[in-house]
Amino acid sequence: MSLFRDLKIAIRHLLKSAGFTTTAVLMLALGIGATTAIFSVVEGVLLRPLPFPDSERVVVLTDILQGLDVGGNGEAGVTVPDIRNYTRDTHSFTSLGGYTGTGYELSGAGDPVSVNASRMTGGVFPALGVAPLMGRFFTKQEDDQHQQVALLSYATWRNRFHGDAGILGKKILLDRKPFVVIGVMPRNFEFPLNPGQLNRSELWVPMSFTVEELSTPAAANWSYSMVGRLRSDTTASQAVTDAGRVAAETMRNYPAEMAGFHIRPVIRPLHDEVVEDARPLLRTLFLAVAVVLLIACANLAGLLLVRAIRRRREVAVRLALGASAATLLRQAIMESLVLSVAGGLTGLALAAIALKVGVQLLPETLPRIGEIGLDWTVACFALVLAVVTGIICGLAPAFAAIRTNVNDTLKEGGRTGTSGGHGRLRSALVIAEIAVALVLLTASGLLLRSFEKMRQVDLGFRPDHTLVSGYVLPQKQYATQASIDQFNHELIRRLQGLPGVKSVGITSFLPASGSNSNGAFVAEGYIAPKDGSLDLATPIQVQGDYFQAMGIPLLRGRFLNSDDRVATQLVVVVNHKLAAQSWPGQSPIGKRFRLGTQAMRTPWAIVVGEVADVKESSPDLPTKQQYYMATEQALGMAGSLASPTDLSGGGGSIAIRTVMDPKQIENALRATVHALDPQLPLIQTQTMEQAISDVEAPRKFNTALISSFAAAALLLAILGIYSVIAFSVAQRVQEMAIRIALGSQRSGIVGLILYSGAKLAVIGCAIGLAGAVAASHLLKSLLFGVSVLDPMVLVVASICVLLLTLAASLLPAYRAATVNPTQALRAE
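Residues numbered from 1 in each chain as written. Predicted model: local features only at pLDDT ≥ 70, side-chain atom pairs only at ≥ 80, totals over all residues. Heavy atoms only, no water.

## Quick notes on the overall build of the protein
Link 1 in the chain: In terms of regular secondary structure, the protein is built from 24 helices and 22 strands.
Link 2 in the chain: Across the 828 residues that make up the protein, the buried fraction comes to 53%.
Link 3 in the chain: Residue pairs at least 24 apart in sequence account for 82% of intrachain contacts in the protein once pairs closer than 6 positions are excluded.
Link 4 in the chain: With an accessible surface of roughly 35800 Å², the protein has 59% of that area assigned to carbon and sulfur atoms. (Helix = DSSP H or I, 4+ residues; strand = E, 2+ residues; numbered from the N terminus. Buried < 20%, exposed > 50% of the residue type's maximum accessible area, 1.4 Å probe, protein only. Contact = heavy atoms within 4.5 Å. Areas by Shrake-Rupley, 256 points an atom, 1.4 Å probe, with all protein chains shown as cover.)

Pasting the structure below:
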């Protein structure tokens, strides 16, 4: 009953101070709403279990290649022999399967369209444990027998086939081959859950390994993945031992392909693989939004403290009339709780709005975006956060209120002086706000500098005035290499004749595409490291005037041309990094170059050109070794390559350099392709500048989001500084009047107030700089080309905070300097 009475009293008091109440609630709503929104992202991506039964037992199996530099943590994926051997010979899994991404031309239902798909062995779906919405999975027998069956995603079924309830058993055309639809997956099913992948699978088909994939050279192609479900009586370490036995047998069966390195299998939870890349960003965002909430709390505590000071006489009267300190403390905390809960509920509504809009703005590379949203976990988090905030923010002002000296306060009458303890507490809150705001502002500055550094990186090509697009030629209609060559040559010829086109080329690998293809090579005369590790480079096939179309500069020698055919001398063009590592201090022109490993004894190729290093994905990632081959020559020796190249001869990416805006020829490109093949869809037609922008989008998003939090934190801190300085000036009106009456210059009064604000800012900046240094390790993984202790950022952030503090102090200083001494002293 007493709590209910305290609640009524608190609400009545707050309603009487509508301005104060509105300010406090909105300030808390901003902090709690932002924190709740970011927590919902963290919970959806990092904390929530994967949407599979007993998801903690769903694991990935991959190979680490010791003695082979594949970058990152050394994980390279698995090979076709790995998939077959691990699936057949391990005993630690209830189900285990392999998969890889691919693309198809989907036709037979409306206009042909290019779709993303996954090829899977029969063990993948049982390992995941998710039942289809309709129909069934394909079996191991259907996979082994190359049965052409498919499962559709829910979105594809609804959007492409209009939710046809009779879809099961119907045929669709994938690359113009008939596939029977045997199932539809649930609405929220997504697999693979590959972090960093922009393209989600729209359908799934059996792996049905091709003859090329089963050939001996494919044993050195680690471009596949595996997922399995551990047995309930098996630990991950036991499964690693089991898989290690199988890996050793695989290496013995392929001595030439495995020469120079050693396979070590790794097993880890699928959840860890999915969220690994997202962890640093989400932790940093959560820290940033916590800083905003901390400043909002400090502001609320400051407002409550000011309110307590203004109500000292009321409190003194109530204490003199017999009210207990415990009652006053309880009522003061109740007021704070009412404010924080109201702010929490408002913040929850703001978080819901922010998520509805903001999820669309999240980078597509963030995993599990579809699972982000408000649920009971997030709502409970917001409520608990509001209650804790209310209690913490209300304690200090409440204790300050009940420590009021009754006799001194009643003797003061109407005078507006204040105790030094209250002033020190308010100043401490402001200093804390400045310090944490500076930490966030420094982080924002580092990310902005990092993004600018990334934009300045030499890409190795010119993205301006270039239109790119992909295509895949269906094997059924283009079964021979002659038909493929005829299409490609005619396409280049017709595109080259379009008005405004300067050069046209086709490639197996487009810059900024993020492909992770690696091929082993041997450079004649190069002395390999003593550990026997292999050299890897990105193999790229080109046709036409690809180098001119992409604006890749020639450093030495010549480009590939139409004379480089199957019957002529095998030639390659290498990038600068490969040339510098293989033949340091020498010209690579005329040097010999062999594809594959030393043991494979493939034909020698002659280096005829050296070009600039081209960034294969994000500009902030290291440049790799690269070599280019004419498509016809590469296909002519495909059977002897250690790592099959990206282009199988049935498609690629078109690059067109124009003299005008490249978007102006997009319709002409489509018309030219459809004149050759009316059913052939183009894939992701865009300018090269758009492609680069898409690659930069995650870092740009990180920078923009943390910068917005820094701006919010700084704004709240400045409001806190203003309120403290303004209240301090209001409390010292009589003092200022006396100073002016005794001859003080008004400029001196302004300087006195500005000095008070500057002193708080300097102390806050000193603490903030120390905090920025302490928290700098959290940003290391998000920075590029910038030190976490960049002096320019630290100095500029500190100066910015100092200037804004002085700006926040100007209005109270002006008011103090323009006080009328006669009126002020008469009021006293």
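## So, the packing of aromatic side chains
Link 1 in the chain: Within the structure shown, the criterion is met by 18 aromatic pairs.
Link 2 in the chain: Judged by centre distance (5.7 Å) and plane angle (65 degrees), the ring pair of Tyr 154 and Trp 157 falls under edge-to-face. Within this pair, Tyr 154 and its partner Trp 157 are both found in helix 6 (residues 154–160), separated by three residues, close to a single helical turn.
Link 3 in the chain: For the ring pair Tyr 546 and Phe 547, a centre distance of 5.8 Å and an interplane angle of 65 degrees mean the geometry is edge-to-face.
Link 4 in the chain: Here the aromatic residues Phe 125, Phe 137, Phe 138, Phe 189 and Trp 204 are joined through ring pairs into a cluster of three or more. (Phe/Tyr/Trp six-rings, centres within 6.5 Å; stacked < 30°, edge-to-face > 60°.)

## Overview of the pattern of salt bridges
Link 1 in the chain: Evaluated as defined, the whole model comprises 21 salt bridges.
Link 2 in the chain: In this structure, Arg 136 engages Glu 142 in a salt bridge whose closest nitrogen and oxygen atoms are separated by 2.7 Å.
Link 3 in the chain: Here Arg 136 falls in the partly exposed class, since its relative accessible area comes to 37%.
Link 4 in the chain: Judged by its relative accessible area of 12%, Glu 142 falls in the buried class.
Link 5 in the chain: Glu 616 serves as the salt-bridge partner of Lys 624, at 3.7 Å between the closest nitrogen and oxygen. (Salt bridge = Lys/Arg side-chain N within 4 Å of Asp/Glu carboxyl O.)

## Description of the packing of helix 22 (residues 746–774) against helix 23 (residues 791–817)
Link 1 in the chain: Interaxial distance between helix 22 and helix 23 falls to 8 Å at its minimum, and their mutual angle equals 150 degrees. It follows that helix 22 is roughly antiparallel to helix 23 by the angle criterion. The two elements helix 22 and helix 23 meet at a crossing, and its hand is right-handed. Contacts from Arg 746, Ile 749, Val 750, Ile 753, Leu 754, Gly 757, Ala 758, Ala 761, Val 762, Cys 765 and Leu 769 of helix 22 reach helix 23 at Leu 794, Ser 798, Val 801, Leu 802, Thr 805, Leu 806, Ser 809, Leu 810, Pro 812, Ala 813, Ala 816 and Ala 817.
Link 2 in the chain: Of the residues that constitute the contact of helix 22 with helix 23, the class distribution is 18 nonpolar, four polar and one charged. (Axes fitted to C-alpha atoms, helices over the stretch in contact; angles between N-to-C directions. Parallel < 35°, antiparallel > 145°, perpendicular 65-115°, else oblique. Left-handed = near helix turned anticlockwise from the far one by under 90°. Nonpolar A, V, L, I, M, F, W, Y, C, P; charged D, E, K, R; others polar.)

## Observations concerning the pairing of strand 4 (residues 113–120)
Link 1 in the chain: Two strands pair when backbone bridges link them, and strand 3 (residues 93–107) and strand 4 are joined in this way by eight bridges, in the antiparallel orientation. Bridge pairing in strand 4 places Glu 105 opposite Ser 114.
Link 2 in the chain: Where strand 3 hands over to strand 4, the hairpin turn is made up of five residues, of which Gly 108 adopts a positive phi near 95 degrees.
Link 3 in the chain: As paired elements, strand 4 and strand 9 (residues 203–206) share four bridges and run parallel to each other. Across the sheet, Met 120 pairs through a bridge with Pro 206, a residue of strand 9. (Pairing = 2+ DSSP bridges.)

## A word on the nonpolar core
Link 1 in the chain: Ranked by size, the top nonpolar core spans 112 residues in total, and within it Phe 52, Phe 191 and Phe 709 carry the most contacts.
Link 2 in the chain: Apart from residues lying up to four places away in sequence, Phe 709 is in contact with Ala 34, Ile 38, Leu 285, Ala 288, Val 289, Val 292 and Leu 440.
Link 3 in the chain: Counting residues in hydrophobic clusters, the runner-up holds 26 residues, among them Leu 510, Ile 552, Phe 559 and Tyr 628. (Core = buried A, V, L, I, M, F, W, Y, C linked by side-chain atoms within 4.5 Å.)

## With respect to helix 19 (residues 666–676)
Link 1 in the chain: Within helix 19 the residues assigned to the buried category are Glu 666, Leu 669, Thr 672 and Val 673. Taken end-on, helix 19 shows its buried residues confined to a sector of 125 degrees, consistent with a single buried face. What points out from helix 19, more than 90 degrees from its buried face, is the exposed set Asn 667 and Ala 675.
Link 2 in the chain: Residues of helix 19 that are buried in the fold lie against strand 12 (466–472), helix 15 (481–496), strand 21 (651–658) and strand 22 (683–687). (Arc of directions from axis to C-beta.)

## A closer look at empty space enclosed by the protein
Link 1 in the chain: Going through the model one piece at a time under the given rule, you end up with three cavities of 30 Å³ or more.
Link 2 in the chain: In this structure, the second largest cavity spans a volume of roughly 140 Å³.
Link 3 in the chain: Along the walls of the second largest cavity sit 15 residues, with Leu 287, Val 439, Ala 443, Ala 775 and Leu 779 positioned nearest its centre.
Link 4 in the chain: By residue number, the principal contributor to the lining of the second largest cavity is helix 14 (residues 420–455), which donates five residues. (1 Å grid on protein atoms, 1.4 Å probe; cavity = no way out; pocket = protein on both sides within 12 Å on 5 of 7 lines; lining within 4 Å. Points joined across faces, edges and corners; volume = space filled by probe spheres on them.)

## Some thoughts on the environment of Tyr 154
Link 1 in the chain: Residue Tyr 154 is classed as buried on the basis of its relative accessible area, which comes to 16%.
Link 2 in the chain: Separated by 34 residues in the primary sequence, Tyr 154 and Asn 188 place their C-alpha atoms 7.8 Å from one another.
Link 3 in the chain: Contact partners of Tyr 154, with chain neighbours within four places excluded, come to Leu 133, Val 184, Met 185, Pro 186 and Arg 187.
Link 4 in the chain: Side chain to side chain, Tyr 154 and Arg 187 meet in a polar contact 3.2 Å long. (Polar contact = N/O pair within 3.5 Å; in protein donor to acceptor, adjacent residues only side chain to side chain.)

## Structural notes on the pairing of strand 20 (residues 626–630)
Link 1 in the chain: With five of its five residues buried, strand 20 lies for the most part within the structure.
Link 2 in the chain: Along strand 20, one buried face is formed by Gln 626, Tyr 628 and Ala 630 and the opposite face, lined by Tyr 627 and Met 629, is buried too.
Link 3 in the chain: Here five bridges tie strand 15 (residues 535–544) to strand 20, and the two strands are oriented parallel to one another. Note on strand 20: the bridge partner recorded for Thr 538 is Gln 626.

## Concerning the environment of Ser 508
Link 1 in the chain: Mapped onto the elements, Ser 508 comes out in the loop between strand 13 (501–507) and strand 14 (519–523).
Link 2 in the chain: Under the relative-accessibility criterion, Ser 508 is labelled buried at 14%.
Link 3 in the chain: Reaching out from Ser 508, the side chain makes a polar contact with the backbone nitrogen of Gln 541 at a distance of 2.8 Å.

## Observations regarding the side chain of Thr 538
Link 1 in the chain: For Thr 538, the position within the fold is in strand 15.
Link 2 in the chain: Those residues in contact with Thr 538 that sit more than four places away from it in its chain are Ser 517, Glu 616, Lys 624, Gln 625, Gln 626 and Tyr 627.

## Focus: unusual backbone geometry
Note: most peptide bonds trans; most residues except glycine with negative phi.
Link 1 in the chain: A cis amide bond links Phe 191 with the next residue in sequence, Pro 192, at an omega value of 0 degrees.
Link 2 in the chain: Relative to the elements of secondary structure, Pro 192 occurs in the loop between strand 8 (177–184) and strand 9.
Link 3 in the chain: A positive phi angle, close to 50 degrees, is found at Asp 175, a residue other than glycine.
Link 4 in the chain: Along the polypeptide, Asp 175 turns up in the loop between strand 7 (171–174) and strand 8.

## What to know about the state of the cysteines
As used in these notes, a disulfide is a covalent bond between sulfur atoms, one from each of two cysteines.
Link 1 in the chain: For the structure shown, the criterion picks out zero disulfides.
Link 2 in the chain: With no disulfide of its own, Cys 765 lies 9.4 Å from the sulfur of Cys 800, the closest cysteine sulfur.
Link 3 in the chain: Exposure remark for Cys 765: the relative accessible area of 5% places this residue in the buried category. (Disulfide = S-S within 2.5 Å.)

## Brief notes about the confidence of the model for the protein
Link 1 in the chain: When pLDDT is averaged across the protein, the result is 81; 86% of the residues are at 70 or more.
Link 2 in the chain: Per-residue pLDDT stays below 50 along residues 414–418; that stretch engages in 11 contacts with residues further than four places along the chain or on separate chains.
Link 3 in the chain: Counting interchain partners and residues more than four positions distant, the pLDDT-below-50 stretch residues 639–649 has 36 contacts. (pLDDT = per-residue confidence, 0-100.)

## As for the packing of helix 15 against helix 19
Link 1 in the chain: The interhelical angle for the contact between helix 15 and helix 19, taken along N-to-C directions, is 145 degrees, at an axis separation of 10 Å. Crossing hand, helix 15 versus helix 19: right-handed. On the side of helix 15, the interface is formed by Phe 487, Glu 490, Leu 491, Arg 494 and Leu 495, while helix 19 contributes Leu 669, Thr 672, Val 673, Ala 675 and Leu 676.
Link 2 in the chain: Here the contact of helix 15 with helix 19 is built from residues that sort into seven nonpolar, one polar and two charged.

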